[in-house]
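Coordinate analysis (summary)
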There are 2 protein chains.
Amino acid sequence: MDKQKKSNKQYGIKEIAKRANVSIATVDRVIHNRTGVAQKTKEKIQKIIKEIDYQPNLLASRLKSNKEFVLAVLIPKVSENTNFWEAPYNGILKAKEEIEKYGVIFKTFLFELSNKDSFMESAIALLDENVDGILMAPSFVKEAEQVVKIYEKEKIPYLFIDSNIAANGSITYIGPNLYHSGFVGAQLTKYVLHNEKDEILVTNISKTDTNIDNLKQIEKGFSDYITTNKIHNRLQSIAIKDGDYNQFKTELDSFLEINPNIKSIFVTNSRVFSIARYLKETNRRNITLIGFDFIAENVKYLKEGVIDFLICHKPEEQGYRGIMSLYHHLILMQKVEKTQFMPIDIVTKENCDFYPN
Amino acid sequence: MDKQKKSNKQYGIKEIAKRANVSIATVDRVIHNRTGVAQKTKEKIQKIIKEIDYQPNLLASRLKSNKEFVLAVLIPKVSENTNFWEAPYNGILKAKEEIEKYGVIFKTFLFELSNKDSFMESAIALLDENVDGILMAPSFVKEAEQVVKIYEKEKIPYLFIDSNIAANGSITYIGPNLYHSGFVGAQLTKYVLHNEKDEILVTNISKTDTNIDNLKQIEKGFSDYITTNKIHNRLQSIAIKDGDYNQFKTELDSFLEINPNIKSIFVTNSRVFSIARYLKETNRRNITLIGFDFIAENVKYLKEGVIDFLICHKPEEQGYRGIMSLYHHLILMQKVEKTQFMPIDIVTKENCDFYPN
DNA sequence: ATATCTTTCGGTAACGTTACCGATATAATT
DNA sequence: AATTATATCGGTAACGTTACCGAAAGATAT
């Protein structure tokens, strides 16, 4: 249990200085390519750096230059509609705990998922705060594209989580591959269809028209799978407005009356629990239900056996990795992957207790 | 984008010394409760430490005390039978890359899964190497219990990954909850059974008798699920010896001839690919196949559609978290959870490309 | 009383890096 | 030729902690 001094010695700035016959100050200058070094000296030092494969000691570096980095977090509020964003926020808090001791401070800007203006407000407000990097959920495509242009002009690095937009200035995208998530939904549906006349219902439930793009991708994945796998069961697709439950109920009642062979319902967003509530209250236990996201209401119905499968994308990890990617990019100055797809997890009644959000 | 000095100031050892009217050396002594401090002084300093909620600066601490820590890794070789252990080892390498810059060095001791003696040899050999902590796979229960006693006598901390044994001296256990994994297998089986006379086969395939305990737990979970969910399909359980494929084939041929209604096969370990090969070659595509572990051969058959579901436990992360837990425990001296169950992941043809091993 | 030991504590170099301050040499300007 | 500007570089304090060395004071033994 006794410790020895390092044997496999890592050379430092001092060794470089000795070999190049200059002071450590000069070495420091070329490492951070500051001005004031003759070209010849510079090249000589750079050569030695490569030779000994110099790796800066991050401990010492961060200890000395004890600077603050300000990270902005721009994500939706936990709303009455869905507490989906609780999970990414928890991941962010976890990352925060891990790195704030290294002088990173956080400023959070929340917006309402039902309100584009509130998104714009927060996205702009953040500019006054002198932030060094931004983690954002580009929930409103058009608006996000606008603000991103401003961030680029101000030279503030940013990244996206949960959903992506076409902006190749972003450090990275961290979130699901929605098209393939549709595949998985369709595959699971395939297993629960037992005969030819069983019918499938694909639906999305929403109040406002956010993220239409996302839903379209999932639906496309779903129907492409059905087509390429030659599944001939009838497939219908409807959109249901969420709001008053009674209205919701009448809408479904009449639909299922006209279509009594619906055997499986696939909901393309996290509002599955609404359907689950309906199925439970109307006692339609022969319909299997598949949807998205590990949120409390969904898990409740999953455990009761009303929801059969939840497809999830590690929301907490999205937040965590978002912050860590910012940290790696702009503090440690390491390379980060341009897109980081999350796993497409299948959660059931039996494995949900072991699902690490 | 400019950086300011820290505002929310963290007090250090110097501030404590000033307030207690002693030198920083004395403060250091009580922090590491070394000897040579009068009781009164000690208490005074401890009070101040609590008051200002002193958090040691890990950067400075690790920078100064630049000690080597030696970690031993005791896991099975990647064998010709299964390359399952490639994944945990990759996780270990990943963790290694991350922390070896902080003076952690690794010594790897491999053993053969088919040979208890080779396990004991490696487990003992490691004692000569003056290691500070051990990550081990206790693949042989009896033998592991023995060596663990030695480790405890030598006061070398250790932890288990992949499978657990009754040794409460371990830092932590990182691995699956096998009983619940059996549940998940059974649940998936339930979905693929379409009528009453479909029959289920549960089997394990092995050369030697390693980890019988593990298999038993999975089987128990499986059958308990079947019982409690009142699934009345007939269930049979057999053990198949792996080795010569022809013998394997005749064994299965005769079994399936006697039992033509087998609709679903559940394999309790990673050798599913053997059954998959058989099903493919004999063209029995109407039997669904469920098994364990994300290894190359299994994934191949998963993509071909021969295997329907793979249940996995993030083997790579097991290795990664194993090393990181050692690091946290004995270098950072932080608390680690006593058991860390891995998620029970369901991998299919459609989501396997996004499965982070 | 002197010598020796023990307890308690302070001073301080060092870890590898950063960045400021100023020194020296060379070039440009008057 | 004297002055000023510029390019190039070295010296060094500091970041917060660790741990060694020895000082001072008190306790014990001779």
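Overview of the structure. These numbers come from a predicted model, not from an experiment. (Residues numbered from 1 in each chain as written. Chains lettered and ligands numbered in written order. Predicted model: local features only at pLDDT ≥ 70, side-chain atom pairs only at ≥ 80, totals over all residues. Heavy atoms only, no water.)

Residue and element names in this part refer to chain A. Structurally, the position occupied by serine 274 is in helix H11 (residues 272–281). Classification of serine 274 as buried rests on a relative accessible area of 10%. Setting aside anything within four residues of it in sequence, one finds serine 274 in contact with Ile205, Asp242 and Phe248. (Helix = DSSP H or I, 4+ residues; strand = E, 2+ residues; numbered from the N terminus. Buried < 20%, exposed > 50% of the residue type's maximum accessible area, 1.4 Å probe, protein only. Contact = heavy atoms within 4.5 Å.)

Take the pattern of salt bridges next. Residue and element names in this part refer to chain A. Scanning the model with the defined rule gives 30 salt bridges over all chains in all. A salt bridge links aspartate 28 to arginine 34; the nearest nitrogen and oxygen atoms lie 2.3 Å apart. The class of arginine 34 is partly exposed, set by a relative accessible area of 42%. Several salt bridges converge on common partners, so that one network encompasses Glu15, Lys18 and Arg19. (Salt bridge = Lys/Arg side-chain N within 4 Å of Asp/Glu carboxyl O.)

This part covers the nonpolar core. Counting residues in each nonpolar core, the largest one holds 57 residues, and the members touching the most others are B:Leu135, B:Ile275, B:Leu289 and B:Ile323. Leaving out residues up to four positions away in the same chain, B:Ile275 has contacts with B:Thr203, B:Ile205, B:Ile240, B:Phe248, B:Leu252, B:Ile265, B:Val267 and B:Leu289. Formed by 56 residues, the second largest nonpolar core is a distinct cluster that contains A:Ala137, A:Ile171, A:Ile295 and A:Tyr355. (Core = buried A, V, L, I, M, F, W, Y, C linked by side-chain atoms within 4.5 Å.)

This part is about the protein's contact with DNA strand D. Lining the immediate environment of DNA strand D, one finds 29 residues, of which A:Thr26, A:Ala38, A:Thr41, A:Lys64 and B:Ile13 sit closest. The protein-proximal atoms of DNA strand D, defined as those within 4 Å of the protein, are 60% sugar or phosphate. At 2.5 Å, a side-chain N or O of A:Thr26 approaches a phosphate oxygen of DNA strand D. One of the side-chain N or O atoms of B:Tyr54 is found 2.7 Å from a phosphate oxygen in DNA strand D. Within the residue set of the surface near DNA strand D, elements represented by two or more residues are helix H2 (24–31) and helix H4 (58–64) of chain A together with helix H1 (13–20), helix H2 (24–31) and helix H4 (58–64) of chain B. (Near = heavy atom within 4 Å. Polar contact = N/O pair within 3.5 Å; in protein donor to acceptor, adjacent residues only side chain to side chain.)

What follows covers helix H3 (residues 39–51) of chain A. Because the α-helix completes a turn every 3.6 residues, residues three or four places apart line up on one side. All names here are of chain A. Counted at 1.5 Å a residue, the expected span for H3 with its 13 residues is 18 Å, and the 18 Å between its end C-alpha atoms agrees. For H3, the complete set of buried residues consists of Thr41, Ile45, Ile48 and Ile49. Around the axis of H3, the buried residues are gathered within 105° of arc, so they sit on the same side. Away from the buried face of H3 by more than 90 degrees, exposed residues Gln39, Lys40, Lys47, Lys50 and Glu51 are located. Along its buried surface, H3 packs onto helix H1 (13–20) and H2. Phi turns positive one or two residues past the end of H3, at aspartate 53, with a value near 50°. (Expected span 1.5 Å × (residues − 1). Arc of directions from axis to C-beta.)

What follows covers the packing of aromatic side chains. Residue and element names in this part refer to chain A. If you walk through the whole model with that rule in mind, you get 30 aromatic pairs over all chains. Here the aromatic rings of tyrosine 151 and tyrosine 158 are separated by 6.3 Å at their centres, their planes lie at 50°, and the arrangement is tilted. Considered together, tyrosine 151 and tyrosine 158 belong to a single accessibility category, that of buried residues. Consider the rings of phenylalanine 222 and phenylalanine 266, whose centres lie 4.7 Å apart with planes at 15°: the pair is stacked. Of this pair, phenylalanine 222 sits in helix H9 (residues 212–228) while phenylalanine 266 sits in strand S8 (residues 262–267); the two residues are 44 residues apart in sequence, bridging distant segments of the chain. Residue phenylalanine 266 is classed as buried on the basis of its relative accessible area, which comes to 0%. One aromatic cluster is present, formed by Phe111, Phe119 and Phe140 through successive ring pairs. (Phe/Tyr/Trp six-rings, centres within 6.5 Å; stacked < 30°, edge-to-face > 60°.)

For the rest of this paragraph, the subject is a negative patch on the surface. On the surface, A:Glu97, A:Glu98, A:Glu100, B:Glu97, B:Glu98 and B:Glu100 cluster together to form a negatively charged patch. By secondary structure assignment, the location of A:Glu97 is in helix H5 (residues 86–99). For A:Glu97, a relative accessible area of 61% gives the class exposed. (Patch = residues over 30% accessible without salt bridge, like charges linked within 9 Å, V, L, I, M, F, W, Y side chains within 5 Å. Areas by Shrake-Rupley, 256 points an atom, 1.4 Å probe, with all protein chains shown as cover. Lys, Arg positive; Asp, Glu negative; His and termini not counted. Charge placed at Lys NZ, Arg CZ, Asp CG, Glu CD.)

All names here are of chain A. Pairing is parallel in the open sheet, where six strands are placed in the order S2-S1-S3-S4-S5-S11. Whereas interior strands pair on both sides, the edge strands pair on one side only; in this sheet they are strand S2 (104–111) and strand S11 (339–341). Between one strand and the next, the sheet's axes are offset by a mean angle of 15°, whatever the strand orientation. As judged from the two bridges shared by strand S4 (residues 158–161) and strand S5 (residues 173–175), these two strands associate in the parallel manner. Among the inter-strand pairings, phenylalanine 160 is bridged to a residue of S5, identified as tyrosine 173. Along the sheet, helix H13 (residues 315–330) makes contact with strand S1 (69–76), S2, strand S3 (133–136), S4, S5 and S11, crossing S3 at roughly 160°. (Pairing = 2+ DSSP bridges. Axes fitted to C-alpha atoms, helices over the stretch in contact; angles between N-to-C directions.)

Our next topic: empty space enclosed by the protein. By the definition in use, this model includes two cavities of 30 Å³ or more. The space that makes up the largest cavity amounts to roughly 40 Å³. Taken together, A:Pro343, A:Ile344, A:Asp345, B:Asp345, B:Ile346, B:Val347, B:Asn351, B:Phe354 and B:Tyr355 form the lining of the largest cavity. Among the elements that take part in the lining of the largest cavity, strand S12 (residues 345–347) of chain B stands out by supplying three residues, more than any other. (1 Å grid on protein atoms, 1.4 Å probe; cavity = no way out; pocket = protein on both sides within 12 Å on 5 of 7 lines; lining within 4 Å. Points joined across faces, edges and corners; volume = space filled by probe spheres on them.)

Here we take up unusual backbone geometry. Residue A:Asp53 is not a glycine yet carries a positive backbone phi of 50°. A positive phi is found at B:Lys230, a non-glycine position, where the angle reads about 50°.

Around DNA strand C there are 29 residues in total, and A:Ile13, B:Thr26, B:Ala38, B:Thr41 and B:Lys64 lie nearest to it. Restricting the count to atoms of DNA strand C within 4 Å of the protein gives a sugar and phosphate share of 59%. For DNA strand C, a phosphate oxygen lies 2.6 Å from a polar atom in the backbone of A:Ile13. Within the side chain of B:Thr41, an N or O atom sits 2.6 Å from a phosphate oxygen of DNA strand C. Counting only elements with at least two residues in the surface near DNA strand C, the list comes to H1, H2 and H4 of chain A together with H2 and H4 of chain B.

Let us look at the side chain of B:Ser270. Residues and elements named next belong to chain B. Summarising the element assignment, serine 270 is placed in the loop between strand S8 (262–267) and helix H11 (272–281). Residue classification places serine 270 among the buried residues on the basis of a relative accessible area of 5%. Those residues within four positions of serine 270 in sequence are excluded, and the remaining contacts are Thr82, Phe292, Asp293, Ile295 and Asn298.

All names here are of chain B. With 17 residues, helix H9 (residues 212–228) extends 24 Å between its outermost C-alpha atoms, agreeing within 8% with the 24 Å of an ideal straight helix rising 1.5 Å per residue. Buried-residue contacts for H9 involve helix H8 (178–192), strand S6 (199–206), strand S7 (235–241), S8 and strand S9 (288–292). In the segment just after H9, lysine 230 is the residue with positive phi, at about 50°.

Glancing now at the packing of H11(B) against helix H12 (residues 296–304) of chain B. All names here are of chain B. In the contact formed by H11 and H12, the axes pass within 9 Å of each other and the chain directions differ by 40°. The angle between the axes of H11 and H12 places the two elements in the oblique class. Handedness of the crossing formed by H11 with H12: left-handed. Along the contact surface, H11 presents Val272, Phe273, Ala276, Arg277 and Lys280, while H12 presents Glu297, Asn298, Tyr301 and Glu304. Grouping the amino acids of the contact of H11 with H12 by side-chain chemistry returns four nonpolar, one polar and four charged. (Parallel < 35°, antiparallel > 145°, perpendicular 65-115°, else oblique. Left-handed = near helix turned anticlockwise from the far one by under 90°. Nonpolar A, V, L, I, M, F, W, Y, C, P; charged D, E, K, R; others polar.)

Right, let's get into the pairing of strand S4 (residues 158–161) of chain B. Residue and element names in this part refer to chain B. Residues Tyr158 and Phe160 of S4 are buried on one face, and the alternating residues Leu159 and Ile161, pointing to the opposite face, are buried as well. Bridge count for strand S3 (residues 133–136) against S4 is three bridges, and the pairing is parallel. Paired with methionine 136 across the two strands is phenylalanine 160, which belongs to S4.

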